[in-house]
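Overview (structure and organization)
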Amino acid sequence: MQLRTEQLAAHLQRGLKPLYLVHGDEALLAQEVADAIRGAARAAGFDERKVFSVSGAHFDWSGVLGAAQEMSLFAERRLIEIRIPGGKPGKEGSDALQRYAERLPEDVLTIVQLPRLDGQQLKSAWFGALDSAGVSVRVEPVERAALPAWIAQRLAQQGQRVAGGEAGQRTLAFFADCVEGNLLAAHQEVQKLGLLHPPGELSFEQVESAVLNVARYDVFKLGEAVLGGRLPRALRMLDGLRAEGEAAVRVHWTLAEDIRALKHVKDAVAGGKPLPMALREARIWGPREKLFERAVPLLSAAQLDGLLSAASICDGLVKGLKHPDWPLEPWDALRQLMLSLLQPLARPEVAAPLALQA
């Protein structure tokens, strides 16, 4: 049985299953999910707790199997936690987890915690056994588009809110920009507002003066912002990556790979292949598929040839070479390359500012 995080509270009110598998990379949400299960377990009388952390290939799984079967000296009901930070239990662990799932006694509740699992792991025999024995909760990250609503909900939990209408949306957008990619810090900033101000409506000035810029950016999300024609977001992310000490070479590689993929898809479509087939051949899928479907028709073959040439020049610049028509500073060169790609992709609301940037 699989649940989303927002479904867990209602599920726990109806009663506990013998096993919960929690997986995902969002540390704050994974911790909250585990805490909610622990709280429900304590309320149900699971007073004794044992924690096992699988530290490597030589972990002794016999202790885990024995813990589930041994008689408790201190309580009738026990909570056992199995933490697998590497996400791969190995062959011995896989066999052990399957045996464990088959022999769950009534007086034991188990929480298995893992990082984000890939498609192969989700289809594994050990995952299937654990999922069949109880409930699996997949902890999804909060993407930038959903972050303002998430912040508003967290503020509401402590009796606070922003103004209605456009003013409130501006406040939430500012807040989201400051904490993007760092959900734990976002949670802490919300709590800070709860300490600084009483319940009720928060002004933009109150949020602006209290919330720190603790955003963390992903170089691959930068590519998504560029392909989506999101100029302010792309510029903010580029500056953020630079401030965080990201390697200019890695940022260039991401932009150049997107340009090469766009060129490959464009040539395939010009050769008569349907766009969906061209995208599959270029291994473009998921959220990037929609971005490419939008971007490819907006770019001409001549523009892509020019972008490939620009990416080649920029490659030399980020590695220490010089070019008479380009900035000497690698990050300035990356900005120029990014704006060159953004110009034909920019959304109407940012087309005019982009013309000034270029």
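Residues numbered from 1 in each chain as written. Predicted model: local features only at pLDDT ≥ 70, side-chain atom pairs only at ≥ 80, totals over all residues. Heavy atoms only, no water.

Quick notes on the environment of Leu21
Along the chain, Leu21 falls in strand 2 (residues 19-23). Since its relative accessible area comes to 0%, Leu21 is described here as buried. (Helix = DSSP H or I, 4+ residues; strand = E, 2+ residues; numbered from the N terminus. Buried < 20%, exposed > 50% of the residue type's maximum accessible area, 1.4 Å probe, protein only.)

Notes on the packing of aromatic side chains
Per the counting criterion, the structure on display carries 3 aromatic pairs. When the ring of Phe59 is compared with that of Trp61, the centres are 5.1 Å apart and the planes differ by 85°; the resulting orientation is edge-to-face. Summarising the burial analysis for this pair, Phe59 and Trp61 share the class buried. Ring geometry for Trp126 against Phe127: centres 6.3 Å apart, planes inclined by 75°, an arrangement best described as edge-to-face. (Phe/Tyr/Trp six-rings, centres within 6.5 Å; stacked < 30°, edge-to-face > 60°.)

Section: the confidence of the model for the protein
In this model, the protein carries an average pLDDT of 89, and 96% of its residues clear a pLDDT of 70 or more. For residues 351-356, every residue scores under 50 in pLDDT, and the model assigns this stretch 7 contacts once sequence neighbours within four places are set aside. (pLDDT = per-residue confidence, 0-100. Contact = heavy atoms within 4.5 Å.)

Digging into the pairing of strand 5 (residues 108-114)
The element strand 5 is largely enclosed, with a buried count of 7 among its 7 residues. Both faces of strand 5 are covered, namely the face carrying Val108, Thr110, Val112 and Leu114 and the face carrying Leu109, Ile111 and Gln113. The pairing of strand 2 with strand 5 spans 5 bridges and is classified as parallel. When the sheet's bridge partners are listed, Leu19 is paired in strand 5 with Thr110. Summarising the sheet, strand 4 (residues 77-83) and strand 5 pair through 6 bridges and their orientation is parallel. Note that in strand 5 the partner of Arg78 across the bridge is Val108. (Pairing = 2+ DSSP bridges.)

Some remarks on the pattern of salt bridges
Scanning the entire structure with this criterion turns up 25 salt bridges. The partner of Arg154 in a salt bridge is Glu32, and the shortest N-O contact between them spans 2.8 Å. Of this pair, Arg154 sits in helix 7 (residues 147-157) while Glu32 sits in helix 2 (residues 27-43); the two residues are 122 residues apart in sequence, bridging distant segments of the chain. Of the charged contacts, one joins Asp315 and Lys319 as a salt bridge, the two residues approaching to 3.1 Å between their closest N and O atoms. We classify Asp315 as partly exposed; its relative accessible area is 27%. In the salt-bridge network here, residues are joined through shared partners; they are Asp35, Arg38, Arg49, Glu81 and Arg83. (Salt bridge = Lys/Arg side-chain N within 4 Å of Asp/Glu carboxyl O.)

Details of the sheet that holds strand 6 (residues 135-138)
Here we have 6 strands laid out as an open sheet, ordered 1-6-2-5-4-3, and parallel in their pairing. Strands at the two margins of the open sheet, each flanked by one partner only, are strand 1 (2-4) and strand 3 (46-53). Neighbouring strand axes in the sheet, compared pairwise and without regard to direction, differ in orientation by 20° on average. Both strand 3 and strand 4 contribute to a ladder of 7 bridges, which runs parallel. Across the sheet, residue Glu48 finds its bridge partner in strand 4, namely Arg78. Here helix 2 sits on the sheet in contact with strand 2, strand 3, strand 4, strand 5 and strand 6, set at roughly 175° to strand 5. Against the sheet, helix 6 (residues 125-133) touches strand 1, strand 2, strand 5 and strand 6, its axis set at about 130° to strand 2. (Axes fitted to C-alpha atoms, helices over the stretch in contact; angles between N-to-C directions.)

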